[in-house]
Every structure is written in structure tokens, then in C-alpha cells.
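The lines below spell out each chain.
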Amino acid sequence: MSELRKIEGALISVFDKDNLEPIVKELHKLGVILYSTGGTQTFIEELDIPVVPVEDLTSYPSILGGRVKTLHPKVFGGILGRRGLQSDVAQLEQYEIPAIDLVIVDLYPFEKTVASGAAHEDIIEKIDIGGISLIRAAAKNHKDVVIVPAKEQYATLLTLLKEKQGFTDIEDRKALAKAAFNVSSHYDTAIFNYFNQGEEVVFKQSISESKVLRYGENPHQKGYFFGKMEDMFEQVQGKELSYNNLLDVDAAVNLIAEFKDTTFAILKHNNACGVATRKTVLEAWNDALACDPVSAFGGVLITNVKVDKATAEEVSKLFFEVIIAPSYEAEALEILKQKKNRIILIQKPIELSKQQFRTALNGVLVQDKDSVMEGEKDLTPVTDKKATAQEIADLLFAAKICKHTKSNTIVFTKNNTLISSGTGQTSRVDALRQAVVKAGEFGFSLQGAVMASDAFFPFPDCVQLAKEAGITAVIQPGGSIKDQESIDYCNKNGVAMVITGIRHFKH
């Protein structure tokens, strides 16, 4: 051990007092002098344990409705005083300031108050001033002082007290100081983001909860997930979600959110390889799988309705990594759980972030999430032939899938079913050719099917190839200087086209 320090005086001021009792009792057992104020002082007194009110230490009362309690030289001097510096020791003695060797804090729950929808005035009152100052002071002087910045560190402190009988070494104190600055920086970021509301263009993000993944995108890469996964999913069974699983799950959740009627989707490498909307979940599953049963192998499955027994029996015939649904029949779960490695998730309702960010070069790219999804009123017919009601329904269905598919992409659909798609190609015409080939490989006729494109057609070759394959209607954003050439081809060949004015690139 190095630079051992004995805890002789402790200041305790916490919001959450759960699991605090054993710490207080252990400190008392070790003969530590306790200082406290307000509700924490009352809590300690009710344990019949001696405690010195901060007001007695400072000879000054708590004022301004409790806003000012610990902000006093006799408190902060005891924390910041350097035990190895003679001038500091002399001043502490001169002003009769007792050394405080341990500070235990749990801040006002600012984020929870914001999330509760509380009034602005109530939120402001949950901005901790004394607590955050105590944390920074004790962490700064970690050479001599132990800081416990949040209830998450209560267990760590209790273990230290019991194992080292009130002593700590510099490694202990430095580790807790690091945790302290993590708590304080996160707290300040949350306050700034509440006030900012996106008005000032700065990048400040802080997520305290983290999970170490088995690895990143590949086994030689480290991977982490930051966030509270349990707020979004209940994991019924299965191995831990991998980095790639999480990307596919994210893509699946975003795609299925576009559909209100009973829909099943199958995804692989963030792209849909099967989607169908039907009257029953079993029909939706069967028709989604038929789109591309080869790519579906090892995929991520998602539906927006309860999974019943009959559907679970059919789904279980396929090897898959993850299945996601809002609920499952009990018998369905028993069937799905027969393979222990299957990851079964129950999706909970939750509001997701409206922004996306990713690292790029030596900085970070931030953008608003693509939350726009065109409806029938957004379609502008530009050809002599007008799309039928069924074609319009299929065009909108295709547009939803197209929005969530890697660019460049072409999507073919018919009767609320994904027929095939060309994904992530360097040219739009290549994406179209890929989609035509895939449809043929799985025995689908494109006669009467419709086509969606995530961006405009730079040349009329795409609509020409689509017409030759059997496509009867097209949806695209428009905006090319050669739009008219594609429109003219459609007019000459009896193809309906609608323009949305909305591009959906996805990289």
C-alpha cells in the first residue's frame, strides 16, 4: 500500500439514503466523527448514532430554503486542506477547522426530474450546488480525501471500510476521484443540454451506463454499448447482444416503427431481406420469409404485434439470432426458448433520440434523425398514367422499406410484400439489376410490381430496365436535371410515376 490515510472525519450529504445505513454504522464502529445536515442528519440521528450538525461546525444556519448549507470555509477548508503542507495545517489549526477525510454525496436527481415532465421551477430546484461543489473539492484533494460521489459507489466504500478498517491508499482514492469527475461532468452536461435544447451548436453527450461487449464489429476490435438497454427491452433469454446484433436490432426497430398494421420484417446486415403486412402475424411471417429465405438465415426478426403459438412454430424452423416483439403468448415463448442461444426480446415503448451522431475524420458528425415518411398526400403524379389505389399502397409500402435500406437502393414490392431489393450499390442501375436478379432467383414475377428509389434517376435507364422487368409504377424523390427524360419514357411505355420531393439516402 502507498500513502495510507485514516478516515477520522466524514461529511455525509445525500439525496438517496438506500443502503446508507450499513456505511453509517461501520463508520461509527470505526470511531469516525460524522458531520451532516438536513434529511441526512435526521436519518443518522434516527439510527441513534452521534452526528455533528454542519450548522454547529460553521456557526451558521441553513438559509434560503436549504439552498446554502455546506458552502462555508469550515467545510471546504476541512476538505481541501493539504495534510502534507505545513502552511495549510497551520491555517486549519488557526481557524479551528477539523479535517474531513471522507465525503459521501448523492446529488439531487436532476435528470429524473426533467424526465418526469416537472415544471421548470421544480427542475431548477433540483440543480445541486452544494453537493457538486463537495464532489469537486474532495476529488481535487484525493491525495488526502476519499470521495463517494453517488449511491453507485456505496458498496465500494463499505467494502473498503470493512477490509481496511478505515484506512485507504492513494489507488483507492484516485479511483473514486475518477468516478467523482465522471459524475460531475455528466451532471453538468445534463443541465447544459436541458437549457440548450439544440439552440447552440455544440456537441455534448454523456451516458453513464455502459456495457462491455464481447467484441466490436470484428473479434479484434473492442466494443461497448452506452445506455440503458433494459429501458427498451426485456431480454427473455439468450446470449448477450453483440455489436453487430445491436446494429441490426437498431435497424429493425426503426423499420418496424413505420408500420401500423400487422407486419413482420427480417433483417440482415442492417437491411431488410423480408417484409410483409398481412391480416395475421403468421401470414406476415410466412410471406416475409418467402422473399429471401437464404438471407434470412441467421437474421434478426421483428414484428409489431404479439407472437402466437402457430407463428412461433413456423419461426422456430429457421435459424435466427434475435426475435423482437411487443409480447408473446406463453406457449409461443416455450417453443422459442427451446434453442437456448436464441435472443428473445420484448420491446417496450420508449421515446428514442431525435438526433444521430458518428465519428468522422478528427471530429463528430451530427444530424437530425430521418423522421419524415411521405404519405399519399405527398405524392405528385407526373405521368399520363396514374397509379391505381393498390399501386399507391404498394408504392408507399416500398418507400418505407427504401428509407431504411443502404444507398444506393432500389426496392420492388407487390401486395404489401417486399419482393426484392438492390442494396448498397455504387450506382442506381446496379442496384436495380441486383433487385431484378434476386426476384428471379426466388421465383417472383415482377409483373404488376412497383419500384421505389431512395434518390432521383440520373438517366432514364432505370425506368427502362424496370419496365422491361414488369414494373408498372414508380416512386422517387425527383430532382434530376434529366427527370423529364425518365417521365417521357414512362409516358411512352405506360408506367405510372409519382414524385415525393423527399430523398432518403442512408449510408
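Scope of this entry: the structure provided in the associated data block. It should be emphasised that the depicted structure is a prediction, and the values quoted were computed from it without experimental measurement.

Let's shift gears to the pattern of salt bridges. For the structure shown, the criterion picks out 18 salt bridges. Between Asp172 and Lys164 there is a salt bridge, and its shortest N-O distance comes to 2.6 Å. Given a relative accessible area of 17%, Lys164 falls into the buried group. Residues Lys354 and Glu351 are paired through a salt bridge, measuring 2.5 Å at the closest nitrogen-oxygen approach. Among the ionic contacts, a cluster of salt bridges with common partners joins Lys164, Asp169 and Asp172.

Below, the discussion takes up the packing of aromatic side chains. If you walk through the whole model with that rule in mind, you get 9 aromatic pairs. With a centroid separation of 6.3 Å and an interplanar angle of 65 degrees, the aromatic rings of Phe110 and Tyr187 are classed as edge-to-face. Of this pair, Phe110 sits in helix H6 (residues 110–115) while Tyr187 sits in helix H10 (residues 170–196), and the two are 77 residues apart along the sequence. Each member of the pair Phe110 and Tyr187 is classed as buried. Each member of the aromatic cluster is reached from another via a ring pair, and the members are Phe110, Tyr187, Tyr194 and Phe195. Here Lys126 stacks its cationic end above the ring of Tyr108, 5.9 Å away from the centre of that ring.

Structurally, Asn491 is set in helix H19 (residues 483–493). Remark: the alpha-carbon pair of Asn491 and Asn270, spanning 221 residues in sequence, is separated by 36 Å. For Asn491, the contacting residues outside a window of four places in its chain are Thr383 and Asp384.

Attention now moves to a nonpolar patch on the surface. On the surface, a cluster of nonpolar side chains totalling about 350 Å² of accessible area is made up of Phe203, Phe357, Val364 and Val366. Judged by its relative accessible area of 42%, Val366 falls in the partly exposed class.

What follows covers the nonpolar core. Ile12, Leu27, Leu34, Ile79, Leu102, Val103 and Ile104 are the most contacted members of the largest nonpolar core, which totals 54 residues. Discounting residues that sit within four places of it in the chain, Ile12 has contacts with Leu20, Val24, Leu27, Leu34, Tyr35, Ser36, Thr37, Thr40, Ile44 and Ile104. Counting residues in each nonpolar core, the second largest holds 41 residues, with Phe233, Val249, Cys291 and Ala473 among its members.

This part is about the pairing of strand E14 (residues 320–325). Among the 6 residues that make up E14, 5 are buried, leaving the element largely enclosed by the rest of the structure. Examined bridge by bridge, strand E13 (residues 299–303) and E14 share 4 bridges and lie parallel to one another. Counterpart to Leu301 in the pairing with E14 is Ile323. Handedness of the E13-helix H14 (residues 309–315)-E14 crossover: right-handed.

Let's shift gears to the sheet that holds strand E3 (residues 33–36). Taken together, the 5 strands give an open sheet; going across it, the order is E4-E3-E2-E5-E6, and neighbouring strands pair in parallel fashion. Both outer strands of the open sheet, strand E4 (52–53) and strand E6 (146–148), are each paired with one neighbouring strand and no more. Relative to E6, strand E5 (residues 102–106) is paired through 3 bridges, and the arrangement is parallel. In the sheet register, Val103 faces E6, and the bridge partner there is Ile147.

At a minimum axis separation of 8 Å, helix H4 (residues 73–80) and helix H8 (residues 130–140) run at an interaxial angle of 30 degrees. Compared by their axis directions, H4 and H8 come out roughly parallel. Between H4 and H8, the residues in contact are Val75, Phe76, Ile79 and Leu80 and Gly130, Ser133, Leu134, Ala137, Ala138 and Lys140, respectively. A class-by-class count of the residues in the contact of H4 with H8 yields 7 nonpolar, 2 polar and 1 charged.

Side chains of strand E19 (residues 410–413) alternate between two faces, with Ile410 and Phe412 and Val411 and Thr413 buried alike. Judged from the 4 bridges that link them, E19 and strand E20 (residues 418–422) form a sheet pairing that is antiparallel. In the sheet register, Phe412 faces E20, and the bridge partner there is Ser420. Taking the residues that link successive antiparallel strands as the turn, the E19-E20 hairpin has 4 residues, and the phi of Asn415 there is positive, at about 55 degrees. Bridge count for E19 against strand E21 (residues 450–453) is 4 bridges, and the pairing is antiparallel. When the sheet's bridge partners are listed, Thr413 is paired in E21 with Val450.

Quick notes on the rules
- Numbers given for residues are sequential positions, taken from 1 along each chain in its written order.
- The predicted origin of the model limits local features to residues at a pLDDT of at least 70 and limits the giving and counting of side-chain atom pairs to 80 or more, whereas totals for whole chains, interfaces and linings rest on all residues.
- Side-chain descriptors were evaluated using all non-hydrogen atoms of the structure, hydrogens and water having been removed beforehand.
- The rule for a salt bridge is simple: a side-chain nitrogen of Lys or Arg has to be within 4 Å of a carboxyl oxygen of Asp or Glu.
- Buried means the residue's accessible area, taken with a 1.4 Å probe over protein chains only, is under 20% of the maximum for its type, while exposed means over 50%, and partly exposed covers the values in between.
- When the centres of two rings from Phe, Tyr and Trp lie within 6.5 Å, Trp using its six-membered ring, the rings pair. Their planes under 30 degrees apart give stacked, over 60 give edge-to-face, and anything left gives tilted.
- Strands here mean DSSP runs of E at least two residues long; helices mean DSSP runs of H or I at least four residues long; both are numbered from the N terminus.
- By definition, being over a ring means that NZ of Lys or CZ of Arg is both within 6 Å of the ring centre and within 35 degrees of the ring normal.
- When checking whether two residues touch, look at their non-hydrogen atoms; a contact exists if any pair is within 4.5 Å.
- Patch building starts from residues that exceed 30% relative accessible area and form no salt bridge, then joins like charges within 9 Å and nonpolar side chains (Val, Leu, Ile, Met, Phe, Trp, Tyr) within 5 Å.
- We get accessible surface area from the Shrake-Rupley algorithm with a probe of 1.4 Å; when it comes to residues, only the shown protein chains can shield them.
- The term nonpolar core refers to a set of buried residues drawn from Ala, Val, Leu, Ile, Met, Phe, Trp, Tyr and Cys, joined through side-chain atoms within 4.5 Å.
- Any two strands with at least two DSSP bridges between them are considered paired.
- With its strands directed away from the observer, a crossover is right-handed exactly when the path from the first strand over the helix to the second travels clockwise.
- Angular values range over 0 to 180 degrees, each being the angle between N-to-C directions of two axes fitted as lines to C-alpha atoms, with helices fitted over their stretch in contact.
- Angular relationships are summarised with four words: roughly parallel below 35 degrees, roughly antiparallel beyond 145, roughly perpendicular across 65 to 115, and oblique for the angles in between.
- Note on residue classes: Ala, Val, Leu, Ile, Met, Phe, Trp, Tyr, Cys and Pro are nonpolar, Asp, Glu, Lys and Arg are charged, and everything else, Gly too, is polar.

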